[in-house]
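# Chains, contacts and geometry: an overview
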Amino acid sequence: PDYDDPASAVTRLAHRKFAFAREVAGYANLQEGEGQEPINAVYYKDNGDQYRPHCDGECNGNKYWEGQRIATSLSYCLVADQGGYTYFSRSGLKVVPKARQMLFFGYLFDGASSVGDRMDNGQTEHTGCPLRVGHKWIATMWFRAGVTAERNWEYYSRKGAFGV
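The structure presented is a predicted model; accordingly, all values stated were derived computationally and were not measured. (Residues numbered from 1 in each chain as written. Predicted model: local features only at pLDDT ≥ 70, side-chain atom pairs only at ≥ 80, totals over all residues. Heavy atoms only, no water.)

Next up on the list: helix α1 (residues 9-23). If you check α1, its first and last C-alpha atoms are 21 Å apart, about what 15 residues at 1.5 Å a residue would give, namely 21 Å. Among all positions of α1, only Thr11, Ala14, Lys17, Phe18 and Ala21 are buried. End-on view of α1: buried residues confined to an arc of 125 degrees, all on one side of the axis. Exposed and facing more than 90 degrees away from the buried side of α1 are Ala9, Arg16 and Glu23. Each element contacted by the buried residues of α1 is listed here: β3 (69-78), β7 (101-106) and β10 (136-144). Measuring from the side-chain oxygen of the N-cap residue of α1 to the backbone nitrogen of Val10 gives 3.3 Å; that N-cap residue is Ser8. (Helix = DSSP H or I, 4+ residues; strand = E, 2+ residues; numbered from the N terminus. Expected span 1.5 Å × (residues − 1). Buried < 20%, exposed > 50% of the residue type's maximum accessible area, 1.4 Å probe, protein only. Arc of directions from axis to C-beta. Contact = heavy atoms within 4.5 Å. Polar contact = N/O pair within 3.5 Å; in protein donor to acceptor, adjacent residues only side chain to side chain.)

As structure tokens, then:
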């Protein structure tokens, strides 16, 4: 989003997501603005549309390095009449989405916050379950610590072992 345009709905959404990450989820030093990944829209339109199990960031218990993704937020803009749940495949948690709600999860645990700390060991692996009836639209945002306009998310994405 254009962080200088307060009239933009996307900018307002990004500000709210960052405020939540800092104030509620405890990522106090997270900086918004240039360098962060943009909000991504994902539209599920056909019966069976889904995302297979995946990790948005580190989920093998490896060490944190600067610029890596540290959290994800999913805003459910439109929910399916049937199916389209978010399922955390390794932890067995199923989230039944409701329109206008946000799901937030991070990959740094137990006070980890600096380079070299261990990250998620797989509990955040998730899937967008198959759509059965209706449509689903989500606005996804990933958060990275330590990014700047000069060393933005793309710079660190090329550096990362998983491309994220």
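This paragraph deals with a nonpolar patch on the surface. On the surface, Tyr43, Leu78 and Trp137 cluster together into a nonpolar patch covering about 310 Å² of accessible area. Tracing the sequence through the fold places Tyr43 in strand β1 (residues 40-44). Under the relative-accessibility criterion, Tyr43 is labelled partly exposed at 47%. (Patch = residues over 30% accessible without salt bridge, like charges linked within 9 Å, V, L, I, M, F, W, Y side chains within 5 Å. Areas by Shrake-Rupley, 256 points an atom, 1.4 Å probe, with all protein chains shown as cover. Salt bridge = Lys/Arg side-chain N within 4 Å of Asp/Glu carboxyl O.)

All right, on to the packing of aromatic side chains then. Scanning all chains against the criterion turns up 8 aromatic pairs. Between Tyr27 and Phe104, the aromatic rings sit 6.2 Å apart at their centres with planes inclined by 55 degrees, giving tilted as the arrangement. Taken as a pair, Tyr27 in the loop between α1 and β1 and Phe104 in strand β7 lie far apart in primary sequence, 77 residues in all. Classification of Tyr27 by relative accessible area gives buried; the value is 13%. By the ring-pair criterion, three or more aromatic residues cluster together here, those being Phe18, Phe20, Tyr27, Phe104 and Phe143. The positively charged end of Arg69 is found above the aromatic ring belonging to Trp142, 4.0 Å away from the centroid. Geometry around Tyr85 places Lys94 over its ring, the cationic atom sitting 4.5 Å from the centre. (Phe/Tyr/Trp six-rings, centres within 6.5 Å; stacked < 30°, edge-to-face > 60°. Lys NZ or Arg CZ within 6 Å of the ring centre and 35° of its normal.)

No statement about biological role is implied by the geometric values presented.
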